[in-house]
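# Descriptive analysis of the structure
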Amino acid sequence: MDLVENKNLLDSIDARTRLAGSNKMEILLFSLGTREIFGINVFKVREVGRTPHITRTPNMPRGVEGLISLRGNVIPVLSLAPFMQLDAPAGLGKTMMVAEYSKRTLGFLVHDVDRIIRVDWERVKAPENVLAANQGLITAVIELDDGGLVSILDVEQILANSFGEAMIVDIPPAKVDPDTSVFFVDDSVVARRKIAEVLDKLGVRHKHATNGQEAWTRLQGIAGHAGQMGHNIRDDVRLILVDAEMPEMDGYVLTKNIKSDPRFNGVPVVMHSSLSSEANRAMGKSVGVDAYVAKFDAEALADTLRPLIER
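Quick caveat, the model's predicted, so the values are computed rather than measured. (Residues numbered from 1 in each chain as written. Predicted model: local features only at pLDDT ≥ 70, side-chain atom pairs only at ≥ 80, totals over all residues. Heavy atoms only, no water.)

## Focus: helix 5 (residues 189-202)
Between its first and last C-alpha, helix 5 extends 20 Å over 14 residues, near the 20 Å set by a 1.5 Å rise per residue. Among the residues making up helix 5, those that are buried are Val 190, Ala 191, Arg 192, Lys 194, Ile 195, Ala 196, Val 198, Leu 199 and Leu 202. For helix 5, the N-terminal capping position is held by Ser 188, with its side-chain oxygen 3.4 Å away from the main-chain nitrogen of Val 190. (Helix = DSSP H or I, 4+ residues; strand = E, 2+ residues; numbered from the N terminus. Expected span 1.5 Å × (residues − 1). Buried < 20%, exposed > 50% of the residue type's maximum accessible area, 1.4 Å probe, protein only. Polar contact = N/O pair within 3.5 Å; in protein donor to acceptor, adjacent residues only side chain to side chain.)

In structure tokens, the structure reads:
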């Protein structure tokens, strides 16, 4: 199927936008020529179809097959199988997914694309250590009704492995009290590390969680403790930074929970996501986020956080 012919697979964005706050997500299932099933959030996929001609160029980063011209733009194309240490079978790479991550458009070569499924985030589980051993490239696992498992790839880690991590530029410290603290949640190891670097440069203490359910449990504990001690919760948490996609509870439901709990009145919530389209910004706004910043631009993140945390 051609890219244009397959566009219907990814239509109805308005319908999908209504998923915000429902704790549901839509996953596009695909294979890399083995028995394993992989998945990617539909919101990250722009189109799917036959792979066009790839121009091989010298000195490409590891895993990058070359470049293609797509609708007037030149984008890199990555083959996912080598990253997962899988042998490339015959026919691998005939199908390409065009995805948008953190304001970057890329092509991913796969064996074939299966279908879209809608699942509750509660069924999206963080992988056990044995599954996460593959360089941390699996960020979540979903069990299908037939007992099969779908591995959700940590594309942020794949991009970091291929292109390197974004350098953190000189960020001036914020004008904050020494005990100012930010709570952030993200399921990506790479993202957590980069967020922590930005907060350290801002001179802000921080705590974190690795998925939405863990974050909500910890935040409730912090709010309960603040109530017992009789002080303002902003003395414990000045700002909450949430990812959009996370196992067990996504950032939209987490934000709804925070905004509907009066104990968190006055605590801004910032959504920090690789889902950088206007549709996703609208989804964040619909659940009450105070700001939305696309991954990963350290300066943009710092500039977004600074006025919300400064005294």
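## Observations regarding the packing of aromatic side chains
Taken as a whole and assessed by the stated rule, the structure comprises 2 aromatic pairs. When the centroid spacing of 6.0 Å and the interplanar angle of 40° are considered together, the rings of Trp 216 and Phe 264 count as tilted. Taken as a pair, Trp 216 in helix 6 (residues 212-229) and Phe 264 in the loop between helix 7 (251-260) and strand 15 (269-273) lie far apart in primary sequence, 48 residues in all. Considered together, Trp 216 and Phe 264 belong to a single accessibility category, that of buried residues. (Phe/Tyr/Trp six-rings, centres within 6.5 Å; stacked < 30°, edge-to-face > 60°.)

## Some words on the pairing of strand 1 (residues 24-31)
Counting buried positions along strand 1 gives 7 out of 8 residues, so the element sits mostly inside the fold. Across 7 bridges, strand 1 lies against strand 8 (residues 112-120) in antiparallel orientation. Residue pairing across strands places Leu 28 opposite Ile 116, the latter belonging to strand 8. When strand 1 meets strand 2 (residues 37-41), the two strands line up antiparallel, connected through 4 bridges. Opposite Phe 30, over in strand 2, you have Phe 38 as the bridge partner. Taking the residues that link successive antiparallel strands as the turn, the strand 1-strand 2 hairpin has 5 residues, and the phi of Gly 33 there is positive, at about 90°. (Pairing = 2+ DSSP bridges.)

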